[in-house]
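Each chain is listed here by its residues.
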Amino acid sequence: MEPEAKSRTWLAPAKINLALHVTGRRVDGYHLLDSLVVFTRFGDRLQIEPAEADAFAVSGPFAAGVPLDDGNLVIKARDALRREAGARATPPVAIRLEKNLPIASGVGGGSSDAAAALNGLARLWKLDIDEAGLARIGLTLGADLPMCLRAKPLIARGIGDELSPLAGFPALALVLVNPGVAVSTPEVFKALSRRDNEALPPLPGRLDFHTIRNWLETTRNDLEPAARTVQPGIGDALKALEKAGAGFARMSGSGATCFGLFETGNVAKRAAIEIRGRHPGWFVAATRSMEAD
Ligand code: C5P
């Protein structure tokens, strides 16, 4: 028999809203969305191992500013799962978070960390709980948790929790750019001028770089105009991506991170080097999105 792995590292991918239409608002104030979402190979990393006592540590380029107490979504996820399964089934764990994604930046970093914690801890603790069960617990922590648990190309509706997988959706070469500014999601939603926009148009039958780019031209991120008034630096990030040859550039989520779409990974890597050269203080990452199963 194989010796059981004591420690395992989980990727917490960046979540990219390729398109995001705001289609309404619930009575509780949450907004109804219609969003095409992909996840990237670049992200945070979460190492989980059994320990004498619970521990949590954060390293990486964006470690500063990450709360270490139960204000952190990883700790909230651990505690929510423990409440569900009981203390006996959930012995102490040491969790190390490598924070590679900028904070409050529209790429779902905190939600993705919490999703990786739910997936990783459910596996380590050998809990009999499926994705729907984890999504139910995750939704109590944030609207983006269910999609981050799935981490495959999908359409998200409702408040972001009604998920439809996108069969046949290819991997895309992307460059992520953040001009070094944090954006408050509630502030952006509050600044919206319209909340009753139309749903996303139907996707093309054949999905490749060209058809996806053409389809994206017919869609929007409805949060982008509001976010750009809150944080004008977003416009600079979009301009830098366009100047570096992106086939398409847009803000993700509530910003400020923007993505550029490129035809190949090599072109994306060259563009990332160019943008980094011009803007040494910015976060810039060339990556690929994960394809559908
Ligand atoms: O669910 P989460 O805590 O990540 O959301 C942060 C904030 O973003 C919410 O408090 C709400 O103001 C806003 N939000 C929204 N509609 C959504 C998702 C988030 O208005 N679908």
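Residues numbered from 1 in each chain as written. Predicted model: local features only at pLDDT ≥ 70, side-chain atom pairs only at ≥ 80, totals over all residues. Heavy atoms only, no water.

**Student:** An account of the site of the ligand is requested, with residue identities and associated values reported.
**Tutor:** With respect to spatial proximity, the complete set of residues near the ligand consists of Gly29, Tyr30, His31, Leu33, Gly142, Ala143, Ile159, Thr185, Pro186 and Phe189. In this structure, tyrosine 30 approaches the ligand through a side-chain N or O atom, which is 3.0 Å from an oxygen atom. In this structure, an oxygen atom belonging to the ligand sits 2.9 Å away from a main-chain N or O atom of alanine 143. In isolation the ligand offers 460 Å² of accessible surface; the protein chains occlude 72% of this area. For the shell around the ligand, the secondary-structure elements that each account for two or more residues are strand S2 (31-50) and helix H5 (185-190). At three residues, H5 tops the list of elements feeding residues into the shell around the ligand. (Near = heavy atom within 4 Å. Polar contact = N/O pair within 3.5 Å; in protein donor to acceptor, adjacent residues only side chain to side chain. Areas by Shrake-Rupley, 256 points an atom, 1.4 Å probe, with all protein chains shown as cover. Helix = DSSP H or I, 4+ residues; strand = E, 2+ residues; numbered from the N terminus.)

**Student:** Got a sec to walk through the UniProt feature "active site" (unreviewed entry) in the chain? Specific residues and values, please.
**Tutor:** As annotated in UniProt, the feature "active site" (unreviewed entry) corresponds to Lys15 and Asp144 in the numbering used here. The largest pairwise C-alpha distance within this set of annotated residues, which runs over 130 residues, is 9.0 Å, so the set is compact in three dimensions. Topologically, lysine 15 is positioned in strand S1 (residues 8-25). The exposure class of lysine 15 is buried, given its relative accessible area of 5%. Residue contacts for lysine 15: discarding those within four places in its chain leaves Val37, Val38, Phe39, Gly106, Val107, Gly108, Asp144, Met147, Ser252 and Gly253. Within the element layout of this structure, aspartate 144 appears in the loop between helix H3 (131-139) and helix H4 (145-150). In contact with aspartate 144, other than residues within four places in its own chain, are Lys15 and Ser111. (UniProt positions renumbered as here; feature names shortened; annotations may be inferred. Buried < 20%, exposed > 50% of the residue type's maximum accessible area, 1.4 Å probe, protein only. Contact = heavy atoms within 4.5 Å.)

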